[in-house]
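# Analysis of the macromolecular model
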Amino acid sequence: MNINMSDFFKNNISSGSQTTDVNVLENVSHESSGSNNAVQAAGMKILNSLMSGDTFTGYVSQLNGDNAYITMNNGAQIQAKLMQGALINIGQNVTFMVEDNSDNKISIKPVLANEQQAVLIDKALEAAGLGATDDNINIVKELLGLGMPVDAQTLGNMVKYSMKFPEASLNTVANLMRLEIPVNEQNIREFQMYGQFNGHIENLLSDMENGIVNDLLKNNQDIMDFKNVITGMYEGLDGETVNSSSACDVLSQQTIDELNNMLSDSGVKLNNDISETSVKELINQLAENNSLNSDNFQKIINSGSFREILHAVINDTMKLTPKDIQEGEEAVSSYYKRIRKNVENIENSLKSAGNSAPELSKSLSDIKSNIDFMNDLNKNMTYFQMPVKFSKSEGNGELYVFTNKKNLARKTDNISAMLHLDMDNLKSMDIYVNLSGGNNVSTNFVLETEELLDFVYQHIDRLNARLEKLGYNTHFEMKVAADSSDRLDFVKDFIEAEARPAAGGQYIFDAKA
């Protein structure tokens, strides 16, 4: 018998403490009590209409010897005589299944966790008009595991997307739906790459750098077109201009000497010595020098010196400094707007030059997809991926900051964040930070090797001193990752941190849908 659960059980199918014993409640009293006789009578009428295999949820409000008073979700209450050995407690929200309903006797039993899920899966698929195939059952299990609704629309969308993107895991598709991120090939790819910490903007910038060089070589690009690209990259937001580093600070002496020799051999003389100019000015001088012909320009492009100059440009215009990060979220947000604007400027310059450049176009498109995915992710939680430009000797690193916006909105006294750093020297590092009571900071470092652990341990006092100076009480723990289970899992530890219900939790089923 199929019933509309929404009219009586408030769409809830829930489990409380479960046991592997089959505990049977029988001899349900049909007498109503208290002032809610009409409500209870209506509840008992529906209860009497249930058939073997139907389920309902009740709250154990009172126990008196072997008698239990079970309050239904609509407020109706029934009295049930507990069979010897039944294990339920006051305060439990228990799902019961009808064992038998005949001869004015209703036998019911608590539903075990695995039985409850099986019942819910069958009802959800039946309500959605879907067959109980292995694929459909796995879809419902994935949705339940993430605490998502299993109504007909959600199930229909999951089936549609799983057929459209057969290579994508159900977990990926379900998480994108839960986060209200469009389910398409680009976002599926981004989600999977982020899950493996392969979605580095740093890597995409490197691809773009190679694409620019290859484009200049393959298409014999005019130096003025290249200058226009670089000029656009140094254009900041709202009319601001990005500062350009001094060539002597970011270029090696070997590069400066090599470039001077190539210019001298080509008969090209610059207005200023390379060491006395900025990277941007250096490119402008090269582009505007009438003595530098196309052949000589191609020789410069082929050199390692040119790649170092271009790398310095990208560091100036598409990376953050530690100082930028200290300025807070607004500076980081401006960075993402700037980097996307730079990508669009490069695309526009390519179009103006009539150059398609497939390799470069793909890398530019990938950068935009990465940033768009990050923006979608930030609707639900705080996620920052920041390519940081350190000093020349330290190289570049990736900094990820994870927090849940719901926790911040609640203004609780306990806030957690996770940081993942990929550094040239310190390698991969996970840092779990917990702030409680407003000024108590607990930090757990997970490092790759014993050597790195010793290094951090030797310098942790400097971090401790700085935090204490700011008024924080600190506690540090450090360990070496024994295996992958010790490392930060982007999906499990961040995306799904609060999504998956604990064992024995509550499931929601909308029978109307």
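In this report, the structure presented in the accompanying data block is examined. (Residues numbered from 1 in each chain as written. Predicted model: local features only at pLDDT ≥ 70, side-chain atom pairs only at ≥ 80, totals over all residues. Heavy atoms only, no water.)

### Let's talk about the overall build of the chain
If you tally the helices and strands in the chain, you get 19 helices and 14 strands. Looking at the chain residue by residue over its 513 residues, the buried ones come to 46%. Counting contacts in the chain only where the partners sit at least 6 residues apart, residues at least 24 apart contribute 64% of the total. Element-wise, carbon and sulfur atoms account for 46% of the exposed surface of the chain, whose accessible area totals about 25,500 Å². (Helix = DSSP H or I, 4+ residues; strand = E, 2+ residues; numbered from the N terminus. Buried < 20%, exposed > 50% of the residue type's maximum accessible area, 1.4 Å probe, protein only. Contact = heavy atoms within 4.5 Å. Areas by Shrake-Rupley, 256 points an atom, 1.4 Å probe, with all protein chains shown as cover.)

### Details of the nonpolar core
Membership of the largest hydrophobic core comes to 93 residues, with the highest contact counts inside it found for Met208, Phe226, Met233, Met318, Tyr336 and Leu377. Grouped together as the second largest cluster of nonpolar side chains are 13 residues, Leu50, Phe56, Ile70 and Met72 included. (Core = buried A, V, L, I, M, F, W, Y, C linked by side-chain atoms within 4.5 Å.)

### Looking at the pattern of salt bridges
One pass over the structure, following the stated rule, counts 7 salt bridges. Put simply, Arg189 and Asp366 hold a salt bridge, and the shortest N to O gap is 3.7 Å. Taken as a pair, Arg189 in helix H6 (residues 185-195) and Asp366 in helix H16 (residues 358-377) lie far apart in primary sequence, 177 residues in all. Look at Asp366 and you get buried, because its relative accessible area is 14%. With its nearest N and O atoms 3.7 Å apart, the salt bridge here joins Glu235 to Lys341. In this pair, Glu235 sits in the loop between helix H8 (223-233) and helix H9 (247-250) while Lys341 sits in helix H15 (residues 329-352), placing the two residues 106 residues apart along the sequence. (Salt bridge = Lys/Arg side-chain N within 4 Å of Asp/Glu carboxyl O.)

### A closer look at the layout of surface pockets
Considered as a void within the structure, the second largest pocket measures approximately 480 Å³ in volume. If you go around the second largest pocket, you meet 19 residues; those closest to its centre are Thr241, Val242, Asn243, Asp324 and Arg338. Those elements that provide at least two residues to the lining of the second largest pocket are helix H14 (322-326) and H15. A class-by-class count of the residues in the lining of the second largest pocket yields 2 nonpolar, 7 polar and 10 charged. (1 Å grid on protein atoms, 1.4 Å probe; cavity = no way out; pocket = protein on both sides within 12 Å on 5 of 7 lines; lining within 4 Å. Points joined across faces, edges and corners; volume = space filled by probe spheres on them. Nonpolar A, V, L, I, M, F, W, Y, C, P; charged D, E, K, R; others polar.)

### Some details on helix H13 (residues 304-318)
The terminal C-alpha atoms of H13, which comprises 15 residues, lie 21 Å apart, in line with the 21 Å expected from a rise of 1.5 Å per residue. Burial analysis of H13 places 11 of its 15 residues in the buried class, which makes it a mostly covered element. Taken as a whole, H13 has its buried residues at Ser305, Phe306, Ile309, Leu310, Ala312, Val313, Ile314, Asn315, Asp316, Thr317 and Met318. (Expected span 1.5 Å × (residues − 1).)

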